[in-house]
Amino acid sequence: ARLGAEVTVVEFMGTIGGLGIDGEVAKQFMTLLKKQGLNFKMKTKVTGVEKTASGLKVNTEAAEGGSNESLDADVVLVCVGRREYRDGLGAEELGIEMDGRKIKINDKYQTN
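Residues numbered from 1 in each chain as written. Predicted model: local features only at pLDDT ≥ 70, side-chain atom pairs only at ≥ 80, totals over all residues. Heavy atoms only, no water.

**Let's talk about helix H1 (residues 23–35)**
Consideration 1: Compared with the 18 Å implied by 1.5 Å per residue over 13 residues, the 19 Å span of H1 between its first and last C-alpha is a close match.
Consideration 2: Sitting at the head of H1, Asp22 places a side-chain oxygen 3.1 Å from the backbone nitrogen of Glu24.
Consideration 3: A positive backbone phi angle near 105 degrees is found at Gly37, which sits one or two residues after H1. (Helix = DSSP H or I, 4+ residues; strand = E, 2+ residues; numbered from the N terminus. Expected span 1.5 Å × (residues − 1). Polar contact = N/O pair within 3.5 Å; in protein donor to acceptor, adjacent residues only side chain to side chain.)

**A word on the pairing of strand E4 (residues 55–62)**
Consideration 1: Here strand E3 (residues 44–52) pairs with E4 via 8 bridges, running antiparallel. Bridge pairing in E4 places Lys45 opposite Glu61.
Consideration 2: Counted along the chain from E3 to the antiparallel partner E4, the turn is 2 residues long.
Consideration 3: As paired elements, E4 and strand E5 (residues 68–73) share 6 bridges and run antiparallel to each other. Within E5, the position partnered with Asn59 by the bridge is Ser70.
Consideration 4: Counted between consecutive antiparallel strands, the loop separating E4 from E5 contains 5 residues, among which Gly65 sits at a positive phi close to 85 degrees. (Pairing = 2+ DSSP bridges.)

**Digging into the nonpolar core**
Burial of nonpolar side chains together is a common tendency in soluble globular proteins.
Consideration 1: Core analysis: the largest hydrophobic core is formed by 6 residues, namely Ile16, Ala26, Met30, Leu33, Leu38 and Phe40.
Consideration 2: Sort the elements by how many residues they give to this core and H1 lands first, with 3 residues.
Consideration 3: Residue contacts for Phe40: discarding those within four places in its chain leaves Val9, Ile16, Met30, Leu33 and Lys34. (Core = buried A, V, L, I, M, F, W, Y, C linked by side-chain atoms within 4.5 Å. Buried < 20%, exposed > 50% of the residue type's maximum accessible area, 1.4 Å probe, protein only. Contact = heavy atoms within 4.5 Å.)

**Structural notes on a nonpolar patch on the surface**
Consideration 1: A cluster of nonpolar side chains, Val46, Val49, Val76, Val78 and Val80, forms an exposed patch at the surface whose accessible area comes to about 440 Å².
Consideration 2: Residue placement: Val78 occurs in the loop between E5 and strand E6 (98–99).
Consideration 3: Assessed through its relative accessible area of 67%, Val78 is described here as exposed. (Patch = residues over 30% accessible without salt bridge, like charges linked within 9 Å, V, L, I, M, F, W, Y side chains within 5 Å. Areas by Shrake-Rupley, 256 points an atom, 1.4 Å probe, with all protein chains shown as cover. Salt bridge = Lys/Arg side-chain N within 4 Å of Asp/Glu carboxyl O.)

**Concerning the environment of Arg82**
Consideration 1: As for its position among the elements, Arg82 is in the loop between E5 and E6.
Consideration 2: When the C-alpha positions of Arg82 and Glu93 are compared, they lie 25 Å apart, and in sequence the two are 11 residues distant.

Structure representation (structure tokens):
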């Protein structure tokens, strides 16, 4: 956006940064990005992207159901969250301490 491009972020959740980010940090970060010219469509999901003669058409709708909308774009960047994959790795058999589904760490991010 600072270099003249129009940027629109389509976010499924109500805040940016994904799960686990501090709410106040996410709010301040979004404010900063808006000042730099980024546009946001929160609680919105992308339902499809179509190639057109002039570029791309991004189809969206409200995450909780609602009206459809289309955005014209030259470029689409897709960024999705991730979840840990550790099923079948044998962490428990190795004696690695767990905290629910997470590997237990100390204040220096070390495991046992």
